[in-house]
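Architecture at a glance
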Amino acid sequence: VGPEVVLFRPAAMSWPEIQAPSQPGIKRNLQGDVMCVHGVFNYQKPTVERTLVRNGKLYTNRDTSGSDDQICGAQWSSEELVVRNARLEEPFQLDLQGFELHRCPTAVAYEDFFLEENILRRYYPEVVGLVKNATGAKYVIPFDHNIRSASGKSSEKQISGGAKVQAPAGLVHNDYTLTGGPLRFELLAQPPKINDSVKDAGPAIPKEVYDAGRKGRWAIVNAWRNIRDRPVEVYPFALMDARTASQKDLCVLEIRYADRIGENYFAASSPEHRWYYYPGIAREEVILLKQWDSEGWLHGGQKSNFTLHSAFKDPTSPEEGEDRVSCEVRCVCVWE
């Protein structure tokens, strides 16, 4: 009888809460505009093992409603940092800093976002038009979406015919990785998986589009919108300048679905990181953020690969501020 084999099982823990900063750090210009605030960001500790590919040490299970179980192997570290007003800074570009802001009104009413068919049949075409115009991609194919709201999560609100409403993601992450991004692109050219939003009979990506992407350039771009009639008052969306992230900061979270494994990047903090947000973002505005690019720096290219992002607690938020409700739609973009 050989020696007993002891398997390594990371400790399971809860997801981190979005915390208020100890100091508001609010600075205003002569016109009274907020120039910057302090925000608390949930990173991984410096002791976390950095890796560009998954190693089985950091993972969660995701059910068919889109909700996650506890997370295993995380080493949370809350860092209080400066968050700058992107409206007052240099023009941001998707292929440089990894995100940009567009004015793009929607014809879909607030309550209509809670019916899956309205998102798929009415809102997706609006997103396609915006992303095509912004990127110049020949093909833009939406394939996934979430509604996020803290109160909607706590009340277990659900999109009729779709997934449950999720909470704002208060942790530093990107939705795809060096292996997970290309794998997702490949899987979208196959029949739908259990958790896929688009469940038509055929693949989300037609063969000719997939082949064009393999030969040329493809990317995953997320379109993020506040769907309330009033501007965002709580839990605004913060984005990191992609030029300030490094592969030395990264580690991989495995997301274990019933029929596939997805991957996110988490990160350890670095003094190089620079964070931005758009105060009071309105319903008529959309943030486009890069989530993967086949011509990004991790593939040896010159473009941004992705932008790390997180919700945060804004010290300028009113005490009784209206809950943020946002919709994000992920799209495959293919150029020829």
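The preceding data block contains the structure.
Owing to the predicted nature of the structure, the values given are computational and were not obtained by experimental measurement.

A word on unusual backbone geometry. At Glu-156, a residue that is not glycine, the phi angle is positive and equals roughly 60°. Even without being a glycine, Tyr-235 presents a positive backbone phi close to 50°. Here Tyr-235 is to be found in the loop between strand 10 (217-226) and strand 11 (237-240). Exposure remark for Tyr-235: the relative accessible area of 21% places this residue in the partly exposed category.

It is worth spelling out the sheet that holds strand 17 (residues 326-335) at this point. Reading across the sheet, the five strands line up as 7-15-10-17-8 and stay open at both edges, with antiparallel pairing between neighbours. Two strands bound the open sheet, and with one partner strand each, they are strand 7 (99-103) and strand 8 (139-148). Averaged over all neighbouring strand pairs, the angle between strand axes comes to 25°, with direction disregarded. Across nine bridges, the pairing between strand 8 and strand 17 is antiparallel. What sits directly across from Pro-142, in strand 17, is Cys-331. In the packing of helix 1 (residues 116-135) onto the sheet, the strands contacted are strand 7, strand 8, strand 10, strand 15 (285-293) and strand 17, and the crossing angle to strand 8 comes to about 125°. Those strands touched by helix 4 (residues 207-215) are strand 8, strand 10 and strand 17, and its axis lies near 70° from that of strand 17.

Taken as a whole, this structure holds four cavities of 30 Å³ or more when the rule is applied. Approximately 100 Å³ is the volume attributed to the largest cavity. Lining the largest cavity are 14 residues, with Arg-148, Ala-169, Phe-237, His-309 and Glu-328 positioned closest to its centre. Only strand 10, strand 16 (309-311) and strand 17 provide two or more residues apiece to the lining of the largest cavity. Of the residues forming the lining of the largest cavity, the biggest block, three residues, is contributed by strand 16. The residue makeup of the lining of the largest cavity, split by class, is four nonpolar, five polar and five charged. Size it by volume and the second largest cavity reaches roughly 50 Å³. Looking at the second largest cavity, the residues that line it are Phe-143, Leu-187, Leu-188, Gln-190, Pro-191, Pro-192, Asp-196, Val-198, Pro-203 and Ala-204. Within the lining of the second largest cavity, the residues separate by chemical class into eight nonpolar, one polar and one charged.

Cut-offs used in this document
- Residues numbered from 1 in each chain as written.
- Predicted model: local features only at pLDDT ≥ 70, side-chain atom pairs only at ≥ 80, totals over all residues.
- Heavy atoms only, no water.
- Helix = DSSP H or I, 4+ residues; strand = E, 2+ residues; numbered from the N terminus.
- Buried < 20%, exposed > 50% of the residue type's maximum accessible area, 1.4 Å probe, protein only.
- Pairing = 2+ DSSP bridges.
- Axes fitted to C-alpha atoms, helices over the stretch in contact; angles between N-to-C directions.
- Contact = heavy atoms within 4.5 Å.
- 1 Å grid on protein atoms, 1.4 Å probe; cavity = no way out; pocket = protein on both sides within 12 Å on 5 of 7 lines; lining within 4 Å.
- Points joined across faces, edges and corners; volume = space filled by probe spheres on them.
- Nonpolar A, V, L, I, M, F, W, Y, C, P; charged D, E, K, R; others polar.

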